[in-house]
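Coordinate analysis (summary)
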Amino acid sequence: MSNTAVFPPREDGFARKRWSVSECRFLTENGLLTAGTYELLEGEVIAKVGQGRYHIFVVARIITILTALFGDTVQSQAQIGIGEIDAYNDPEPDVAVLRKPLHAYLERDPHPATDVLLVVEVANTTLQGDLTTKANLYARCEVPEYWVVAIPRRDVTVFRQPTPNGYTDIRTYSAQETLTTLALPDAPIPIHTFLP
């Protein structure tokens, strides 16, 4: 494994190792990292925080609602192919709606721009990172629609129209509103139905 890719030095002068997708997969295959316990974001190995009961409830409700609308195209806690096109990022969003049924992706990851219709992150303690780092990443990878469900604020921020510099259409909806997906605009979803 190469140690040449580093982040710029921090304010304390120390440089950090920038991890790649292939390096993290090597570490996972050799038992040094455990699959499902981390995400790779901008070259940093980010430990997944434990899911509290509110997070579990909201993710389960969103999966139920989206499965009723989209059928067997909804996946949870799994890669969406970003690691195949970006050497330093491999997120596992809470929920993703894919273009085809899940069995179509048994041999390959979906491609974020052509196979992913919607990505949802449920945020309790990670809200700031989900609204910034992940939003910018998903936009660069051309995910057409991204939702951040903010448990503490009881709202949903919807990101649409991805560009290399971020999403250009961003709107926040309160728990009293409804929203629709770009892929199914005639099916309104009352936000309160998936918030505790």
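You'll find the structure just up there.
The notes below deal with the structure included here. (Residues numbered from 1 in each chain as written. Predicted model: local features only at pLDDT ≥ 70, side-chain atom pairs only at ≥ 80, totals over all residues. Heavy atoms only, no water.)

Before going further, it helps to examine the sheet that holds strand 5 (residues 116-123). Overall, mixed pairing links the six strands, which are arranged 3-4-5-6-7-8 in an open sheet. In this open sheet, the two edge strands, each paired with only one partner strand, are strand 3 (74-76) and strand 8 (166-174). Along the sheet, successive strands turn relative to each other by an average axial angle of 20°, direction set aside. By the bridge criterion, four bridges tie strand 4 (residues 95-98) to strand 5 in an arrangement that is antiparallel. (Pairing = 2+ DSSP bridges. Helix = DSSP H or I, 4+ residues; strand = E, 2+ residues; numbered from the N terminus. Axes fitted to C-alpha atoms, helices over the stretch in contact; angles between N-to-C directions.)

Here we come to the packing of aromatic side chains. Counted according to the given criterion, the structure contains three aromatic pairs. Measuring from ring centre to ring centre gives 4.8 Å for Tyr138 and Tyr146, while their planes differ by 65°; the resulting arrangement is edge-to-face. Centroid distance Phe159 to Tyr167: 5.7 Å. Interplanar angle 55°. Geometry classified as tilted. Taken as a pair, Phe159 and Tyr167 share a single burial class, namely buried. (Phe/Tyr/Trp six-rings, centres within 6.5 Å; stacked < 30°, edge-to-face > 60°. Buried < 20%, exposed > 50% of the residue type's maximum accessible area, 1.4 Å probe, protein only.)

The nonpolar side chains of a soluble globular protein tend to be buried with one another. In terms of nonpolar packing, the biggest core is built from 25 residues, with Ile62, Leu66, Val120, Trp147, Val149, Val156 and Phe194 touching the most fellow members. The set of elements that each furnish at least two residues to this core consists of helix 2 (53-70), strand 4, strand 5, strand 6 (145-150) and strand 7 (155-163). Looking at this core, the element that brings in the most residues is helix 2, giving six residues. With residues up to four places along the chain from it excluded, the contact list for Ile62 reads Val95, Val120, Val122, Val149 and Phe194. One finds Ala96, Val119, Ala139 and Val148 within the second-largest nonpolar core, a separate group that totals 21 residues. (Core = buried A, V, L, I, M, F, W, Y, C linked by side-chain atoms within 4.5 Å. Contact = heavy atoms within 4.5 Å.)

These results come straight from atomic positions and should not be treated as a statement about function.
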